[in-house]
Amino acid sequence: MGMPIQGEADDAVPVISIASVGDFLALLKPRVMSLVVFTALTGMVVAPGPIHPVIGLAALIAIAVGAGASGALNMWYDADIDAVMSRTRNRPVPAGRVSPGEALVFGIILSGLSVLALGVFTNFLAAGLLAFTIFFYVVVYTMWLKRWTVQNIVIGGAAGALPPVVAYAAVTGTVTVESLVLFALIFMWTPPHFWALALFKSGDYEKAGVPMLPVVAGDHETRRQILIYTVLLAPIGMLPWLLGYAHWSYGVVAGLGGLGMLWLAIDIWRKPGDMGPAKRMFGYSILYLFVLFACLLGEALVMRVLA
């Protein structure tokens, strides 16, 4: 009797997933999801008008699941890139713990459920915006921009900036200047945040063939662009106060935080070859965005309690 052919044996034996619950949770990119939930909650509380706590919680869960679905589909498509980069090679798909097919089906099912749930619990505008967010992140950013243009982070940042707009629409059924300012804040924050990371991880991106700005245009141009975007970001951070839907405490925090971002961007510009300022910018930028949205959220909660 001859030895069984490997392909025949594989076909005869049902494949059982070796993935754990933790692996599927990792597909959702929980750190990114937590930021999405936080910014969405801020958009929901800042929005004028009441929302029932149960409906609000359901909307936040739907937005979070939509963000997680985007992450799973991103990991499915980017498994080849993730396997090359030290920062991502241990993700469930490139590490072999979750098959590409499992990640794809998981992401598609969660995408559909999240959009359907948001439409049922709130309104079709919010559901449509969530569907567009998932589509933009997976198709426009992951499948197209990320691999083909140096502007990948700039244009693709729209996907990460949309959750507060989705949440605002879930409450009001509209998209207004106030929600678009929250969008603009995250949108303009994204390039300096990720380009700072790209400066000290450029080797990984180069190995993976991802056309990040330092790989294509070099460190000098990256540092210049970080400075330009930070100069634009600082006044946008002040807009909620200038437009009157945030109070003086937010204005002070946004002003000081923006100055901190500018100082770090200038430090990056002044010290070519030194990755210390870029690493500090990357860490500080996370704190900057968190504190601004926390201040907006805190002020809005206080005003709702006092109303």
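Structure: above.
Residues numbered from 1 in each chain as written. Predicted model: local features only at pLDDT ≥ 70, side-chain atom pairs only at ≥ 80, totals over all residues. Heavy atoms only, no water.

## Description of the overall build of the chain
Then, number 1: Across its full length, the chain carries 14 helices and 0 strands.
Then, number 2: Expressed along its principal axes, the backbone C-alpha trace of the chain runs to roughly 85 × 50 × 25 Å.
Then, number 3: For the chain, buried positions account for 47% of its 307 residues.
Then, number 4: Contacts in the chain between residues far apart in sequence, at least 24 positions, make up 74% of those at least 6 positions apart.
Then, number 5: Roughly 14400 Å² of accessible area belongs to the chain as shown, and the carbon and sulfur atoms make up 73% of that amount.
Then, number 6: Here the chain contributes 17 positive and 16 negative side-chain charges, whose respective centroids are spaced 10 Å apart. (Helix = DSSP H or I, 4+ residues; strand = E, 2+ residues; numbered from the N terminus. Buried < 20%, exposed > 50% of the residue type's maximum accessible area, 1.4 Å probe, protein only. Contact = heavy atoms within 4.5 Å. Areas by Shrake-Rupley, 256 points an atom, 1.4 Å probe, with all protein chains shown as cover. Lys, Arg positive; Asp, Glu negative; His and termini not counted. Charge placed at Lys NZ, Arg CZ, Asp CG, Glu CD.)

## Examining the nonpolar core
Then, number 1: Counting 54 residues, the largest nonpolar core has Leu185, Trp195, Tyr250 and Met281 as the members making the most contacts within it.
Then, number 2: Mapped by element, the contributors of at least two residues to this core are helix H3 (30-46), helix H7 (124-148), helix H8 (152-161), helix H10 (177-200), helix H11 (202-208), helix H12 (213-242), helix H13 (248-270) and helix H14 (276-306).
Then, number 3: Looking at which element gives the most residues to this core, the answer is H10, with 11 residues.
Then, number 4: Aside from chain neighbours lying at most four places away, what touches Tyr250 is Leu185, Gly237, Pro240, Trp241, Leu292, Cys295, Leu296 and Glu299. (Core = buried A, V, L, I, M, F, W, Y, C linked by side-chain atoms within 4.5 Å.)

## Regarding unusual backbone geometry
Then, number 1: Although it is not a glycine, Lys29 adopts a positive phi angle of roughly 50°.
Then, number 2: On the secondary structure map, Lys29 appears in the loop between helix H2 (21-27) and H3.

## Observations regarding the side chain of Gln225
Then, number 1: Secondary-structure assignment places Gln225 in helix H12.
Then, number 2: In this structure Gln225 comes out as buried when scored by relative accessible area, which is 16%.
Then, number 3: At 2.8 Å, the side chain of Gln225 forms a polar contact with the side chain of Glu221.
Then, number 4: Setting aside residues no more than four positions away along its own chain, Gln225 makes contact with Trp195 and Leu213. (Polar contact = N/O pair within 3.5 Å; in protein donor to acceptor, adjacent residues only side chain to side chain.)

## Some details on the environment of Lys201
Then, number 1: The residue Lys201 is located in the loop between H10 and H11 in this model.
Then, number 2: C-alpha of Lys201 to C-alpha of Met212: the two residues are 11 residues apart in sequence and 10.0 Å apart in space.

## Regarding the packing of aromatic side chains
Then, number 1: Counted under the stated rule, the structure contains 8 aromatic pairs.
Then, number 2: Centre to centre, the rings of Phe24 and Phe106 are 5.1 Å apart; their planes meet at 70°, and the pair counts as edge-to-face. Highlighted residues: Phe24 in helix H2 and Phe106 in helix H6 (residues 100-121), separated in sequence by 82 residues.
Then, number 3: Classification of Phe24 by relative accessible area gives partly exposed; the value is 23%.
Then, number 4: With relative accessibility at 22%, the residue Phe106 sits in the partly exposed group.
Then, number 5: Ring centres of Phe183 and Phe187 lie 5.6 Å apart, and the angle between their planes is 15°; on these two criteria the pair is classed as stacked. A residue pair is termed a helical-turn pair when its members lie 3 or 4 positions apart in one helix, as Phe183 and Phe187 do in helix H10 at 4 residues.
Then, number 6: The ring of Phe200 has Lys279 lying over it, and the distance from NZ or CZ to the ring centre is 5.7 Å. (Phe/Tyr/Trp six-rings, centres within 6.5 Å; stacked < 30°, edge-to-face > 60°. Lys NZ or Arg CZ within 6 Å of the ring centre and 35° of its normal.)

Any functional reading would require information that these geometric values do not contain.
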